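Read off the chains here:
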Amino acid sequence: MHEKIIILDFGSQTTQLIARRVRELDTYCEILPYNKFPFGENNIKGVILSGSPFSVYDDKAFKIDLSEIRGKYPVLGICYGAQLIAHTSEGKVEPAGSREYGRAHLSEVNTQDELLKEVEKEAQVWMSHGDTITKIPSNFSIIASTPQVKIAAYRVTDEQTWGVQFHPEVFHTECGTQILDNFLTICGCKKDWTSASFIEETVSLLKEKLGNDKVILALSGGVDSSVTAVLLNKAIGKNLTCVFVDNGLLRKNEFENVLRDYKHLGLHVIGVDAKVKFHKELAGETDPEKKRKIIGKGFIDIFNEEAIKLKDVKWLGQGTIYPDIIESLSITGTTIKSHHNVGGLPKDMHLQLVEPLRLLFKDEVRRVGTELGMMPHLIKRHPFPGPGLGIRILGDITPEKVHILQEADHIYIKALHDWDLYDKVWQAGTILLPVRSVGVMGDERTYENTVALRAVTSTDAMTADWAHLPYDFLAKVSNEIINKVKGVNRVVYDISSKPPATIEWE
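A. Region of interest: the overall build of the chain. When helices and strands are tallied, the chain shows 13 helices and 19 strands. Taking 2.2 N^0.38 as the reference for a compact globule, 506 residues should give roughly 23 Å; the C-alpha atoms of the chain span a radius of gyration of 25 Å, in line with that estimate. Its C-alpha atoms give the chain principal-axis dimensions of roughly 75 × 65 × 40 Å. Within the span of the chain, comprising 506 residues, buried residues form 58% of the whole. Sequence-distant contacts, at least 24 apart, represent 73% of the contacts inside the chain between residues at least 6 apart. Positive and negative side-chain charges in the chain, numbering 60 and 68 respectively, have mean positions lying 4 Å apart.

Right under this line is the structure:
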């Protein structure tokens with residue numbers, strides 16, 4: 001079992017960034033709710049306490065007894081985590097007068113301290129807090145300050161416990177990677193968790209877990225399910241059967257293209273045309289969550305039918321990845337949106353789940369795919385939602401609307417390829433809005449549909465910025481869609497970032 005760092009999540013928006021930075025330093029880590037520390041596991045090398053939207057003195061604040069963790073493992077508290085350590089050690093945390101947010105520079109740095117080795121004075125850090133530590137106990141020592149924040153970082157002198165008021169995980173903290181790397185060195189991490197080691201360990205675990213059992217895998221054509229298929233095929237070979245379902249909500253020609261793409265992987269793939277079934281079950285439904293659930297149930301029904309045909313299938317493989325799990329349920333129990341791969345299986349489905357990628361971020365999945373020798377266009381394919389165009393058609397779904405969106409989306413995605421923009425964008429898609437507007441074509445008045453183009457830049461889908469595509473490109477795509485797609489007379493471009501918006505509209 002590989003060594004790992006535990007990141008206790010107190011509700012910060014950047015907790016996932018901490019995990020990504022640690023993973024980038026070739027060290028495995030897991031994010032767990034603040035109150036779910038896995039006592040008893042013997043492969044834990046260190047603990048990181050995340051930030052939080054709360055103040056440590058709030059009644060609602062997430063609090064834990066750190067006495068079982070401090071002293072047993074090296075601990076790094078970040079922002080709220082640092083304040084929590086100080087607050088529970090008879091230090092003092094108070095409102096900062098005005099919220100300290102944005103860039104700051106270290107004015108004092110103790111580079112003799114293990115955590116701050118090779119961190120330069122005047123290094124830029126990123127602050128984001130409404131409180132500040134105003135007093136630390138006598139067995140704490142200040143190891144870094146900024147002009148505004150005297151206790152920007154501290155060390156507990158008689159144990160391997162540190163706190164930093166700034167956020168080393170964010171890009172704007174210039175010394176952040178160095179600080180996290182120093183912490184991993186303090187923890188004694190081997191830093192040997194790579195794509196190759198992941199593949200070796202995962203294939204070994206799959207062989208042990210599945211034995212001679214048969215697995216049915218839901219393929220989508222995307223990188224997650226494709227990499228899952230190759231890993232499972234490497235582990236169990238002929239005992240894997242892949243099913244690719246045309247739910248009538250795929251991109252134009254996608255069913256045929258995906259089946260063709262999978263030939264080179266040596267996979268046994270069954271294609272199922274279920275367009276009529278899905279369109280019938282979705283007829284008249286406008287609620288996004290209900291649409292997701294109908295589509296999810298439809299997939300499960302089909303996989304169940306195919307599993308029965310195959311006989312003796314015991315497992316359902318899925319391409320679930322870490323952001324799917326994190327986004328589906330926050331530590332407060334608040335669902336942001338349900339995910340088609342998360343939440344278990346119906347009781348009447350007699351299959352167990354196997355999800356080899358459930359602890360990987362998207363960029364890690366791509367690196368694993370590259371290591372496995374998969375074709376670049378499969379690895380670089382933009383994420384596409386499991387419910388497909390079903391959540392890119394706002395309102396009710398009809399075959400006519402699907403056709404309109406497929407044609408518009410095909411023009412958009414092809415243009416991204418033609419202009420060499422596709423690989424510069426994390427995800428792009430077209431949304432059919434339940435909005436009609438007046439237009440003029442020829443000399444006639446029209447009253448037709450509006451489509452929105454969406455393109456974002458990101459590294460893991462946890463945060464995303466809208467892609468600044470060239471005006472000439474947008475003008476050409478808009479003109480082509482309006483001229484060639486019957487039923488559309490207006491094209492708009494979505495310039496919302498995540499947060500506060502999500503990448504998909506539903």
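B. Quick peek at the environment of Tyr322. With respect to the helices and strands, Tyr322 occurs in helix H9 (residues 322-328). Tyr322 gets classed as buried once you look at its relative accessible area, which sits at 5%. The residues touching Tyr322, leaving out its near neighbours within four places in the chain, are Arg23, Glu30, Ile31, Leu357, Arg358, Leu359, Leu360 and Phe361. A polar contact of 2.8 Å, which involves the side chain of Tyr322, links it to the backbone nitrogen of Ile31.

C. How the structure looks around helix H13 (residues 471-484). In a regular helix each residue adds 1.5 Å, so 14 residues correspond to 20 Å; H13 covers 20 Å between its end C-alpha atoms and thus fits that length. Listing the buried residues of H13 in full gives Phe473, Leu474, Val477, Ser478 and Ile481. The buried residues of H13 all sit within an arc of 125° when viewed along its axis, so they share a single face. The exposed set on the far side of H13, more than 90 degrees from its buried face, consists of Tyr471, Asp472, Asn483 and Lys484.

D. Geometry of helix H3 (residues 176-186). All buried positions along H3 are accounted for by Gly176, Ile179, Leu180, Asn182, Phe183, Leu184 and Ile186. Those residues of H3 hidden inside the fold are in contact with strand S1 (4-9), helix H1 (15-24), strand S3 (44-49), strand S4 (75-78) and strand S10 (161-164). Once H3 ends, the next one or two residues include Gly188, with phi positive near 75°.

E. Just the pattern of salt bridges, in detail. The final tally for this structure, using the stated rule, is 31 salt bridges. Close ionic contact of Glu30 with Lys4 constitutes a salt bridge, the shortest N to O distance being 3.4 Å. Pair noted here: Glu30 is in strand S2 (residues 29-33) and Lys4 is in strand S1, with a separation of 26 residues, a long-range link. Each member of the pair, Glu30 together with Lys4, is buried. Where salt bridges share partners, they join Arg20, Arg21, Glu24, Asp363 and Arg367 into one cluster.

F. Seen up close, the nonpolar core. Among the nonpolar cores identified, the biggest contains 49 residues, and Val245, Tyr412, Leu416, Leu469, Phe473 and Ile481 are the most heavily contacted of them. Among the elements that line this core, the one with the most residues is helix H12 (residues 399-418), at nine residues. Not counting residues within four places of it along the chain, the set of residues in contact with Ile481 comprises Ala408, Ile411, Val451, Leu453, Val488 and Val491.

G. Region of the structure containing the pairing of S3. Most of S3 sits inside the fold, with five of its six residues counted as buried. Sheet analysis places S3 next to S4, joined by three bridges and oriented parallel. The partner of Ile48 across the bridge, within S4, is Leu76.

H. Structural view of the pairing of strand S13 (residues 269-273). As paired elements, strand S12 (residues 240-246) and S13 share five bridges and run parallel to each other. Within S13, the residue paired with Val245 across the bridge is Val272. The parallel pair S12 and S13, bridged by helix H6 (residues 254-261), forms a crossover whose chirality is right-handed.

I. Examining the packing of aromatic side chains more closely. If you walk through the whole model with that rule in mind, you get 15 aromatic pairs. Here the aromatic rings of Trp193 and Phe198 are separated by 6.1 Å at their centres, their planes lie at 80°, and the arrangement is edge-to-face. Taking relative accessible area as the criterion, Trp193 reaches 9% and is therefore assigned buried. Judged by its relative accessible area of 9%, Phe198 is buried. Between Phe244 and Phe255, the ring centres sit 5.5 Å apart and the planes meet at 20°, which makes this aromatic pair stacked. Remark: Phe255 occurs in helix H6 and Phe244 occurs in strand S12; sequence separation between them is eleven residues. For the residue pair Phe244 and Phe255, the accessibility class agrees, reading buried in each case. A connected cluster of aromatic rings, assembled from ring pairs, spans Phe10, Tyr34, Phe54, Phe62 and Tyr80.

The rules behind these values
Residues numbered from 1 in each chain as written. Predicted model: local features only at pLDDT ≥ 70, side-chain atom pairs only at ≥ 80, totals over all residues. Heavy atoms only, no water. Helix = DSSP H or I, 4+ residues; strand = E, 2+ residues; numbered from the N terminus. Rg over C-alpha atoms; globule rule 2.2 N^0.38 Å. Buried < 20%, exposed > 50% of the residue type's maximum accessible area, 1.4 Å probe, protein only. Contact = heavy atoms within 4.5 Å. Lys, Arg positive; Asp, Glu negative; His and termini not counted. Charge placed at Lys NZ, Arg CZ, Asp CG, Glu CD. Polar contact = N/O pair within 3.5 Å; in protein donor to acceptor, adjacent residues only side chain to side chain. Expected span 1.5 Å × (residues − 1). Arc of directions from axis to C-beta. Salt bridge = Lys/Arg side-chain N within 4 Å of Asp/Glu carboxyl O. Core = buried A, V, L, I, M, F, W, Y, C linked by side-chain atoms within 4.5 Å. Pairing = 2+ DSSP bridges. Right-handed = clockwise from strand over helix to strand, strands pointing away. Phe/Tyr/Trp six-rings, centres within 6.5 Å; stacked < 30°, edge-to-face > 60°.

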